[in-house]
Structures are given as C-alpha cells and as structure tokens.
Amino acid sequence: MAMLADKFTHLFREEHRKIRDTLLKLIQAFQERDKARILILINQATTYKGLHFRYEEEALYPYLIGIFAEEYIEKLLRVHDRSIGKTIKLIELAGKESITDDDIAKAIRFIRTELSHVSECDGLSIMTEILSEEKIKWILETRDRSIKEGLNLIDWAYQVRNRPAVFTD
Ligand SMILES: [Fe+2]
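Scope of this entry: the structure provided in the associated data block.

## Here's the deal with the nonpolar core
1) Next: Core analysis: the biggest nonpolar cluster contains 15 residues, and L26, I38, L41, I42 and A45 have the highest contact counts within it.
2) Next: Residue assignment for this core shows that the elements contributing at least two residues are α1 (2-31), α2 (35-64) and α4 (101-122).
3) Next: Sorting elements by how many residues they give to this core places α2 first, with six residues.
4) Next: Here I38 is in contact with L26, A29, F30 and A94, once residues within four sequence places are set aside.
5) Next: One finds L60, Y61, L131 and I139 within the second-largest nonpolar core, a separate group that totals nine residues.

Next comes the structure, spelled out in structure tokens:
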C-alpha cells in the first residue's frame, strides 16, 4: 500500500511541477510580450490543467470528503470554477490585437494565483497516503483515463464537467 501511495505522490508532484514551470514561463512570456510564446504556453497549461483537474474532481476529491470537512472540498471545487473562468478570459486577452500594460498586470496576477493553488494542491498527497489501496488504485485508474481521453481544461469544462465556470477579475 505504501508503494501505491508513494507512486501517487510522485506522479502528483510531477504534474504540479509541469504546471508550475509552464506558469512561470507564461509569466515571463507576458513580461516579454512574446505573443507566440504566450499562446503556446497557455495552450500547454490548459492541457495540463484539464487532465489534472478532471481526475482530481472525479476520483480524488470525493475520497477526501471523509477526511476534510465538506466545505473544504467545496472550496477546492470553487478554485477550479474560477480557474476555468479566468483561463477563458486569459485566452481572450492573449488573442487581442495589442496587449496593454494593464492586460499584462492582470494576466500575471491571475497566473500567480494559480501558482498558489499548485502548491496548496500538492499538499493533498499527505492525505492520499492514508487512503485504502483500493481507493488509490481508483484514483490512478481515473487519472489514466483522463490522460487517455486528453480533454483540455476548456473542453472538459464544457463537455463533461457538471459545474459552471466562474468569471471574476
Ligand atoms: Fe492539483
């Protein structure tokens, strides 16, 4: 069981690393107003987040309800709602003819918020350690399916997910 929990912790951290590094590069691309790179990196982040959020919501979060209060799980879901809404706005912003200083400041503020969620989320693996082998197996299988189906954040949000995105500034 420890082995499976360790495997999960390792994979989970690897995904967070990939998301972290993409977000950091995205901040840099905005600072440099490198539009081509901004678009590539947003695309990459949107893919990584889609695969990751999906199995978190479909398998991981439900198992955490018995550990955390339900309100906390709701809070985690709301973080995703906002992340989806803001990502949609970010894509719009990046597609604009000319990006203003204000746009850049806004984009970087959002990306830094996302970074704080990356580190907060990574801490959840301290709790998955105490789940049964069967539950960890299910989380890993759900993860595999999410990767195989390959829906990015936006496609998953519109085609599969059962909660509305939240658009805030
Ligand atoms: Fe996460």
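## Here's the deal with the environment of V118
1) Next: Note that V118 resides in helix α4.
2) Next: Separated by 102 residues in sequence, V118 and H16 have C-alpha atoms that sit 6.0 Å apart.
3) Next: Each residue touching V118, except ones within four places of it in the same chain, is listed here: H16, I19 and R20.

## Thoughts on unusual backbone geometry
1) Next: In this structure, R33 takes a positive phi of about 50° despite not being glycine.
2) Next: Its location among the elements puts R33 in the loop between α1 and α2.

## Some remarks on the environment of K106
1) Next: If you trace the backbone, K106 turns up in helix α4.
2) Next: Judged by the 18 C-beta atoms lying within 10 Å of it, K106 falls in the partly exposed class.

Quick notes on the rules
- Residues numbered from 1 in each chain as written.
- Predicted model: local features only at pLDDT ≥ 70, side-chain atom pairs only at ≥ 80, totals over all residues.
- Core = buried A, V, L, I, M, F, W, Y, C linked by C-beta atoms within 7 Å.
- Buried ≥ 20, exposed ≤ 12 C-beta atoms within 10 Å, placed from the backbone.
- Helix = DSSP H or I, 4+ residues; strand = E, 2+ residues; numbered from the N terminus.
- Contact = placed C-beta atoms within 7 Å.

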